[in-house]
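Here are the chains, one letter per residue:
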Amino acid sequence: MPILSPPLRSSPVIRRWAKNPILAKKDIPYAADCIFNAGVCKYEGRYVMLFRNDYDYQGGAHFNGCALGFAFSDDGIHWTAAEKPFLTKEMLTLPDVQRIYDPRLTVLEGKLYICFAMDTNHGLRGGIGYTTDLTDFHVCSLSLPDNRNMVLFPEKVGGLYCRLERPMPVYSRGKDRFDTWISRSPDLRFWGESSLLLRVEDLPWANDKVGPAAPPVRTEKGWLCTFHGVDIDQNRGKNGWEDSWKKRYCAGIMLLDLEDPSKVIGLYKDPLLAPEAPYEADEGFRENVIFPGGMILEPDGEVKIYYGAADTVECLAVSHVDDLLRLCLE
């Protein structure tokens, strides 16, 4: 695949895992075509991943099936998938559902919460649920259409729960001009006090949308947050399995104030990760796509960032927390 214009490069402070991808369809013991956009966390003494699985490809942009599946690891590198899917639309007791996808995991007050996107016959809704034993699923709240890419903070801030989100106001902002917002809640059910956090205009390398990626991580200097930024060029042609895919997704990094996370106190103006490796830029369903969904800060300061590549496989990149903070604050 030729380098897309304008060319974008990853930061030198981050490195891809040498044996990427860490999870692909060959690793799944049930029907699978694309394994990507996973949420990852540490929970009850092990690494837990909840991945999106699109399967039964029909051509174009269409898959007949979409499921969420668990995988587990002792080291965060080598993963084993569960024997069956965790969640499909057929398992939900909610009406009107077409598919559930793009999970994010947050351990909050000892419970494993799952943010997700859900397509319905009457719009795209963002949701928050939880599991008590990695087999059950309980929905706490669902947004009005159209909102998605929700991620929960791992603790209350100022006595309230917080989430990042990316509403999709096609009428008021124009098609595909979506920004990152922050909202608060007293109980994880009712959300408000919403405010704009990060605009497309804040990034010199995005012209289409910017939204949350992995749930925020607390550091001594602030909430460290990855995000996705997207640029689009109508002159791009075929770029993956589809007849036309004109977008490029990169990962960014920012820092939010610990006491008031509606304040961006640090922002790296270049991509943290841009599509460069073959499994990101040359091989897959939608090429030139990087989408982080999990970030883990290890006790020694290493940061593991898990990301979907080309909407096809799940990958790992690592850095050190001091280097990431320096990027945000320089």
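See the structure above.
Attention in this report is confined to the structure presented alongside it.

### Considerations on the pattern of salt bridges
Opposite charge on two side chains makes pairing possible when the charged atoms of those side chains draw close.
Okay, so step 1: Counted by the stated rule, this structure contains 23 salt bridges.
Okay, so step 2: Among the ionic pairs, Glu 298 bridges to Lys 304, the shortest N-O distance being 2.8 Å.
Okay, so step 3: Since its relative accessible area comes to 8%, Glu 298 is described here as buried.
Okay, so step 4: Taking relative accessible area as the criterion, Lys 304 reaches 7% and is therefore assigned buried.
Okay, so step 5: For the salt bridge of Glu 302 with Lys 304, the shortest nitrogen-to-oxygen distance reads 2.9 Å.
Okay, so step 6: What makes Glu 302 partly exposed here is its relative accessible area of 23%.
Okay, so step 7: Because the salt bridges share partners, they merge into one network encompassing Arg 9, Arg 16, Glu 276 and Glu 280.

### Quick notes on the sheet that holds strand E14 (residues 192–198)
Okay, so step 1: The four strands lie next to each other as E11-E12-E13-E14, forming an open sheet whose pairing is antiparallel. Of all the strands in the sheet, the pair left with one neighbour each is strand E11 (147–152) and E14. Pairwise comparison of adjacent strand axes, ignoring direction, gives a mean angle of 30 degrees for this sheet.
Okay, so step 2: Relative to strand E13 (residues 180–185), strand E12 (residues 161–167) is paired through five bridges, and the arrangement is antiparallel.

### Focus: the sheet that holds strand E21 (residues 302–309)
Okay, so step 1: Across the sheet, which stays open at both edges, the four strands sit in the order E1-E22-E21-E20 with antiparallel pairing between neighbours. On the outer flanks of this sheet lie strand E1 (15–16) and strand E20 (290–297), each paired with one strand and no other.
Okay, so step 2: Helix H3 (residues 321–329) contacts E20, E21 and strand E22 (313–320) of the sheet and is inclined by roughly 85 degrees relative to E22.

### Some thoughts on the nonpolar core
Okay, so step 1: One finds Leu 224, Leu 272, Leu 273, Met 295 and Tyr 307 to be the most contacted residues of the largest nonpolar core, which totals 27 residues.
Okay, so step 2: Sorting the residues of this core by element identifies strand E18 (247–256), E20, E21, E22 and H3 as the ones contributing at least two each.
Okay, so step 3: A per-element tally of this core places H3 first, with five residues.

### Quick look at the side chain of Thr 120
Okay, so step 1: One can find Thr 120 in strand E8 (residues 111–120).
Okay, so step 2: A polar atom in the side chain of Thr 120 sits 3.0 Å from the backbone nitrogen of His 122.
Okay, so step 3: Only 2.6 Å separates the side chain of Thr 120 from the backbone oxygen of Gly 123, close enough to count as a polar contact.
Okay, so step 4: Those residues in contact with Thr 120 that sit more than four places away from it in its chain are Asp 96, Val 97, Gln 98 and Arg 125.

### Section: unusual backbone geometry
Okay, so step 1: Omega for the peptide link from Ser 5 to Pro 6 comes to -5 degrees, which places this bond in the cis form.
Okay, so step 2: Positionally, Pro 6 belongs in the segment before E1.
Okay, so step 3: Cis geometry marks the peptide bond from Pro 145 to Asp 146, where omega comes out at -5 degrees.
Okay, so step 4: When you line up the elements, Asp 146 lands in the loop between strand E10 (138–142) and E11.
Okay, so step 5: You will see that Asp 102, though not glycine, has its phi angle at about 50 degrees, which is positive.
Okay, so step 6: With respect to the secondary-structure elements, Asp 102 resides in strand E7 (residues 97–108).
Okay, so step 7: For Asp 102, a relative accessible area of 6% gives the class buried.
Okay, so step 8: The residue Leu 188 is not glycine, and still its phi comes out positive at about 70 degrees.

### As for the side chain of Thr 312
Okay, so step 1: Along the chain, Thr 312 falls in the loop between E21 and E22.
Okay, so step 2: On the basis of relative accessibility, which here comes to 12%, the residue Thr 312 falls in the buried class.
Okay, so step 3: Engagement of the side chain of Thr 312 in a polar contact is seen with the backbone oxygen of Ala 310, the distance being 2.6 Å.
Okay, so step 4: Sequence-distant contacts of Thr 312, defined by excluding residues within four places in its chain, comprise Cys 34, Ile 35, Phe 36, Gly 284 and Phe 285.

Definitions and cut-offs
- The residue numbering used here restarts from 1 in each chain and proceeds along that chain's sequence as written.
- Only residues with pLDDT of 70 or above have their local features reported here, since the model is predicted, and side-chain atom pairs are shown and tallied only from 80 upward, although totals for entire chains, interfaces and linings are computed over all residues.
- Side-chain metrics in this entry use all non-hydrogen atoms of the structure; hydrogen atoms and water are not considered.
- Just to be clear on terms, a salt bridge is a Lys or Arg side-chain nitrogen sitting within 4 Å of an Asp or Glu carboxyl oxygen.
- Only protein chains enter the accessibility calculation, which uses a 1.4 Å probe; a residue whose area is less than 20% of its type maximum is buried, one above 50% is exposed, and one in between is partly exposed.
- When DSSP finds at least two bridges between two strands, those strands are taken to pair.
- Runs of E in the DSSP output that reach at least two residues are strands. Runs of H or I that reach at least four are helices, and both are numbered from the N terminus.
- Whenever a helix is involved, its axis is fitted only over the stretch in contact; in every case the axis is a line through C-alpha atoms, and angles between N-to-C directions fall within 0 to 180 degrees.
- In what follows, residue pairs with any heavy atoms lying within 4.5 Å of each other are defined as contacts.
- Buried Ala, Val, Leu, Ile, Met, Phe, Trp, Tyr and Cys residues form a nonpolar core when they are joined through side-chain atoms within 4.5 Å.
- Pairs of N or O atoms within 3.5 Å make up the polar contacts considered here, provided that, within protein, one atom can donate a hydrogen while the other can accept it, and that residues adjacent in sequence are counted only when both atoms are side-chain atoms.

Purely geometric stuff here, so don't read any function into it on its own.
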